[in-house]
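Observations on the three-dimensional arrangement
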Amino acid sequence: MDLRLAGHGALVTGSSAGIGATIAETLADEGCDVLVHGRNAGAAAAVAEQVAARGVRAEVVLGDLTEPGVAEQVALTARDFGAHILVNNAGPFAEHDWESSRPSDWRTAFEGNVLPTVRVSQTLLPSLRAHGWGRVITIGSRAVRTPLPHMVAFSAAKAAVVNMTTSLARHLAGTGVTANCVSPGVILTPSMYRMFEERAAAEDGPQDGPDEADLVKEYAPNPSGRLGRPADIASAVAYLASPLADYVNGVELRVDGGITGTP
């Protein structure tokens, strides 16, 4: 299916690895020019090279979005690049429960997941309005609906992201700019796999890598019977970014294998 994205431009924050890199490459597959963002110059350049190999324009913008002024500068670079699609993907996760979490852990979760989304979006919105068409897509989490007891600060921060998405969609009424959220389930990225390996080693000692079927059963039971892949999230983002999704606005699209159940 042609998603009609050829000629559009996108900024994908946190796209130098993992889900963000796959989103960038998937948008490029649809003909979208992509501004790759990250903190590591080598990693970002490698993704940009993969994007450019699809025959589209690819550039890199670097910076830690939690540092003062950086999010705004990244957004201005995206404006000059011609990006009318913003994918707010960057955001750290860490394991903390109610007993172990400190105020600094909650601050880090919100400063890493909420404030960069606000700052990049606010700075880029005038350009999107002036263009009369645009997309703001934010990456949430299945923890929005089912807070994770070992990731309480992250769960709360992602819930704020979904709330902001609904608010932004209403704020942008009549502008041609939509705002939506994609909430992944358990996605088997390299960093997630390392976390599973470290957890298994701590509990049982050195062993072969964790078996996916066991991980699904013990950690993420869901009707689809598997863990997600970055491509599952990227495909959902590409649809919401496309003109085909003009009538989809203010939603949280859960891409989690059904782990959270029905509303």
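Residues numbered from 1 in each chain as written. Predicted model: local features only at pLDDT ≥ 70, side-chain atom pairs only at ≥ 80, totals over all residues. Heavy atoms only, no water.

1. Some words on the sheet that holds strand 7 (residues 252-255)
Sheet architecture is open: seven strands sit in the order 3-2-1-4-5-6-7, paired in parallel fashion. Strand pairing shows two members of the sheet lacking a second neighbour, strand 3 (58-62) and strand 7, which therefore form its edges. Mean inter-strand twist for the sheet, computed between neighbouring axes without regard to direction, equals 20 degrees. Both strand 2 (residues 33-38) and strand 3 contribute to a ladder of five bridges, which runs parallel. Paired with His37 across the strands is Val61, a residue of strand 3. Helix 3 (residues 70-81) contacts strand 1 (9-12), strand 2 and strand 3 of the sheet and is inclined by roughly 165 degrees relative to strand 2. Running over the sheet, helix 5 (residues 115-131) touches strand 1, strand 4 (85-88), strand 5 (134-139) and strand 6 (177-184) and is turned about 170 degrees from strand 4. (Pairing = 2+ DSSP bridges. Helix = DSSP H or I, 4+ residues; strand = E, 2+ residues; numbered from the N terminus. Axes fitted to C-alpha atoms, helices over the stretch in contact; angles between N-to-C directions. Contact = heavy atoms within 4.5 Å.)

2. Some points on the packing of helix 4 (residues 103-113) against helix 6 (residues 152-171)
Interaxial distance between helix 4 and helix 6 falls to 9 Å at its minimum, and their mutual angle equals 35 degrees. Two packed elements cross with a definite hand, and for helix 4 against helix 6 that hand is right-handed. Note on element contacts: helix 6 touches helix 4 through Val152, Ala153, Phe154, Ala156, Ala157, Lys158, Ala160 and Val161, opposite Asp105, Trp106, Ala109, Phe110 and Asn113. When grouped by side-chain class, the residues that make up the contact of helix 4 with helix 6 number ten nonpolar, one polar and two charged. (Left-handed = near helix turned anticlockwise from the far one by under 90°. Nonpolar A, V, L, I, M, F, W, Y, C, P; charged D, E, K, R; others polar.)

3. Looking at the packing of aromatic side chains
Tallied over the full model, the rule gives two aromatic pairs. With 6.3 Å between their ring centres and 70 degrees between their planes, Phe93 and Phe154 make a pair best called edge-to-face. In this pair, Phe93 is assigned in the loop between strand 4 and helix 4 and Phe154 in helix 6, connecting sequence segments 61 residues apart. Considering the side-chain rings of Trp98 and Trp106, the 5.1 Å spacing of their centres and the 45 degrees angle between planes classify their relative orientation as tilted. (Phe/Tyr/Trp six-rings, centres within 6.5 Å; stacked < 30°, edge-to-face > 60°.)

4. A word on the nonpolar core
Membership of the largest hydrophobic core comes to 33 residues, with the highest contact counts inside it found for Ile23, Leu27, Val34, Val51, Ile85, Val182 and Val237. Where this core is concerned, the elements lending two or more residues are strand 1, helix 1 (18-29), strand 2, helix 2 (41-52), strand 4, strand 5 and helix 9 (230-241). Element by element, the count of residues in this core is highest for helix 9, at seven residues. Excluding anything up to four places from it in sequence, Ile23 contacts Val12, Val87, Asn89, Ile139, Ala234 and Val237. Judged by nonpolar contacts, the second largest core, of 23 residues, contains Leu11, Val70, Val136 and Val177. (Core = buried A, V, L, I, M, F, W, Y, C linked by side-chain atoms within 4.5 Å. Buried < 20%, exposed > 50% of the residue type's maximum accessible area, 1.4 Å probe, protein only.)

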